[in-house]
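Residue-level structural notes
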Amino acid sequence: QIQLQQSGPGLVKPSQTLSLTCAISGDSVSSNSVAWNWIRQSPSGGLEWLGRTYYRSKWYNDYALSVKSRISINPDTSKNQFSLQLNSVTPEDTAVYYCTRDGGSFHFDYWGQGTLVTVSS
Amino acid sequence: DIQMTQSPSSLSASVGDRVTITCRASQSISSYLNWYQQKPGKAPKVLIYVASSLQSGVPSRFSGSGSGTDFTLTISSLQPEDFATYYCQQSYGTPPFTFGPGTTVDFK
């Protein structure tokens, strides 16, 4: 049974870095057939795909243009997890952040529990 | 980026009603269209993927259709647990993978 368990702080100060981790059980971050994604949901309810990391003989990343200059998604094979770092946050980055799996059929089939991150001083 | 729209933005229905939600893409996305259900305080859950494939464990009253730019999610007989918000999402080609704004189904 695949599970994604998120961890990280719920409060980040403006201009600082948001850091979240997603621990994977029941699958491998290094699987050659899946991709590991971060998605966020604004307080108004809109869902925004932020980026992904995946392994196909080497590691690849894709990022949304809206955050490309500030985002980094990295795998940690020793702990079977992946992380999100978003730099220079502003209150507009306040959202519920989800880690998800794309199981190879072009949809997000497993989701973490979500982490509400508030950007405020 | 491919833009997704949904209609209606909300609807009121009764148990047993047939409900239809429409999603439109700003360009052709073939059949790379997924539908999710979200209840308050929970993560979205995939119902339908690649336009018409039913995710394992999802009741058969949910169905999807369409290709190109126009897609439909149908709930054949609305059940009490189906009151939720529904999102479409495209996964065509290279990222970004964009979502529709959502359709909220509530009690009439």
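The structure reproduced in this document is the subject of the present report. (Residues numbered from 1 in each chain as written. Chains lettered and ligands numbered in written order. Predicted model: local features only at pLDDT ≥ 70, side-chain atom pairs only at ≥ 80, totals over all residues. Heavy atoms only, no water.)

Brief notes about the overall build of chain A
Our working rule: By the criteria applied, helices consist of DSSP H or I runs no shorter than four residues and strands consist of E runs no shorter than two, each listed in order from the N terminus. Each radius of gyration reported is based on C-alpha atoms, and the globular scaling rule is 2.2 Å times the count of residues to the power 0.38.
When its secondary structure is counted, chain A shows zero helices and eleven strands. Listing every helix and strand of chain A by position from the N terminus yields β-β-β-β-β-β-β-β-β-β-β. Taken against the 2.2 N^0.38 rule, which gives 14 Å for 121 residues, the C-alpha radius of gyration of chain A at 14 Å falls within 12% of a compact globule. Projecting the C-alpha coordinates of chain A onto the three principal axes gives extents of approximately 40 × 25 × 25 Å.

Observations regarding the interface of chain A and chain B
Formally: Should any heavy atoms of two residues lie within 4.5 Å, those residues are counted as being in contact. Summed over both partners, the accessible area (1.4 Å probe) lost when two parts come together is defined as the buried area. By convention in these notes, a salt bridge is any Lys or Arg side-chain nitrogen within 4 Å of a carboxyl oxygen on Asp or Glu. Within 3.5 Å is the distance limit for a polar contact, defined as a pair of N or O atoms, with the added protein rule that one can donate a hydrogen and the other accept it, and that residues adjacent in sequence qualify only through two side-chain atoms.
Between chain A and chain B, the residue contacts involve 15 residues of the former and 18 residues of the latter. Ranking the residues of chain A by area buried against chain B places A:Leu47, A:Phe106 and A:His107 at the top, with a combined share of 36%. Across the chain A-chain B interface, the total number found is zero salt bridges. At the surface where chain A touches chain B, the tally comes to nine residue pairs in polar contact (both at pLDDT 80 or more). The set of elements that each furnish at least two residues to the side of chain A that touches chain B consists of strand E4 (35–41), strand E5 (47–55) and strand E10 (108–111) of chain A.

Quick look at the state of the cysteines
The line we're drawing: For this text, the term disulfide refers to a pair of cysteine sulfurs within 2.5 Å. Exposure classes here rest on a 1.4 Å probe applied to the protein chains alone. A residue is buried below 20% of its type maximum, exposed above 50%, and partly exposed in between.
Under the criterion given, the structure shown has two disulfides over all chains. Between the sulfur of A:Cys22 and that of A:Cys99 lies a disulfide, 2.1 Å long from S to S. Between A:Cys22 and A:Cys99, the disulfide has an S-S torsion of 65° and is therefore right-handed. Pair noted here: A:Cys22 is in strand E3 (residues 18–25) and A:Cys99 is in strand E9 (residues 95–102), with a separation of 77 residues, a long-range link. Each member of the pair A:Cys22 and A:Cys99 is classed as buried. One disulfide bridge connects B:Cys23 with B:Cys88, the sulfur atoms lying 2.1 Å from each other. Here the disulfide of B:Cys23 and B:Cys88 is right-handed, its torsion about the S-S bond being about 70°. Of this pair, B:Cys23 sits in strand E3 (residues 19–25) while B:Cys88 sits in strand E9 (residues 85–90); the two residues are 65 residues apart in sequence, bridging distant segments of the chain.

Quick notes on the packing of aromatic side chains
So the rule is basically this: Between the rings of Phe, Tyr and Trp (Trp by its six-membered ring), a pair exists once the centres lie within 6.5 Å; its type follows the angle of the planes, with under 30 degrees stacked, over 60 edge-to-face, and the other angles tilted.
Counted under the stated rule, the structure contains 15 aromatic pairs over all chains. With centroids separated by 6.3 Å and ring planes inclined at 20°, the aromatic side chains of A:Phe108 and B:Phe99 adopt a geometry described as stacked. Of this pair, A:Phe108 sits in strand E10 while B:Phe99 sits in the loop between E9 and strand E10 (103–107), which puts the two residues in different chains. With respect to burial, A:Phe108 and B:Phe99 carry one shared label: buried. Grouping aromatic residues by their ring pairs yields a cluster made of A:Tyr98, A:Phe108, A:Trp111, B:Tyr36 and B:Phe99.

A look at the side chain of A:Thr53
Residue and element names in this part refer to chain A. Examined against the element boundaries, Thr 53 turns out to sit in strand E5. Reaching out from Thr 53, the side chain makes a polar contact with the side chain of Asn 61 at a distance of 3.4 Å. Not counting chain neighbours up to four residues away, the residues in contact with Thr 53 comprise Ala 35, Trp 36, Trp 59, Tyr 60, Asn 61, Ile 73, Pro 75 and Phe 82.

A look at the pattern of salt bridges
Residue and element names in this part refer to chain B. Per the counting criterion, the structure on display carries nine salt bridges over all chains. Measuring nitrogen to oxygen at the nearest pair gives 2.5 Å for the salt bridge that ties Asp 70 to Arg 24. Taken together, the residues span a long stretch of sequence, with Asp 70 in strand E8 (residues 70–75) and Arg 24 in strand E3 at a distance of 46 residues. Among the residues examined, Asp 70 registers a relative accessible area of 34% and is labelled partly exposed. Arg 24 sits in the partly exposed class, given a relative accessible area of 48%. Residue Arg 61 pairs with Glu 81 through a salt bridge whose shortest N-O separation is 3.3 Å.

Looking at the sheet that holds strand E1 (residues 3–7) of chain A
Residue and element names in this part refer to chain A. Worth spelling out the cut-off: Any two strands with at least two DSSP bridges between them are considered paired. Here the axes come from fitting lines to C-alpha atoms, over the contacting stretch only for helices, and the angles between their N-to-C directions go from 0 to 180 degrees.
Taken in spatial order, the four strands of this open sheet run E1-E3-E8-E7, and their pairing is antiparallel. The two strands at the open ends of the sheet, each matched to only one other strand, are E1 and strand E7 (71–76). Shown here is a sheet whose adjacent strand axes are inclined to one another by a mean of 20°, direction ignored. Judged from the six bridges that link them, E3 and strand E8 (residues 81–86) form a sheet pairing that is antiparallel. The residue bridging Ser 19 from the neighbouring strand is Gln 85, located in E8.

This is a description of form; function is not addressed.
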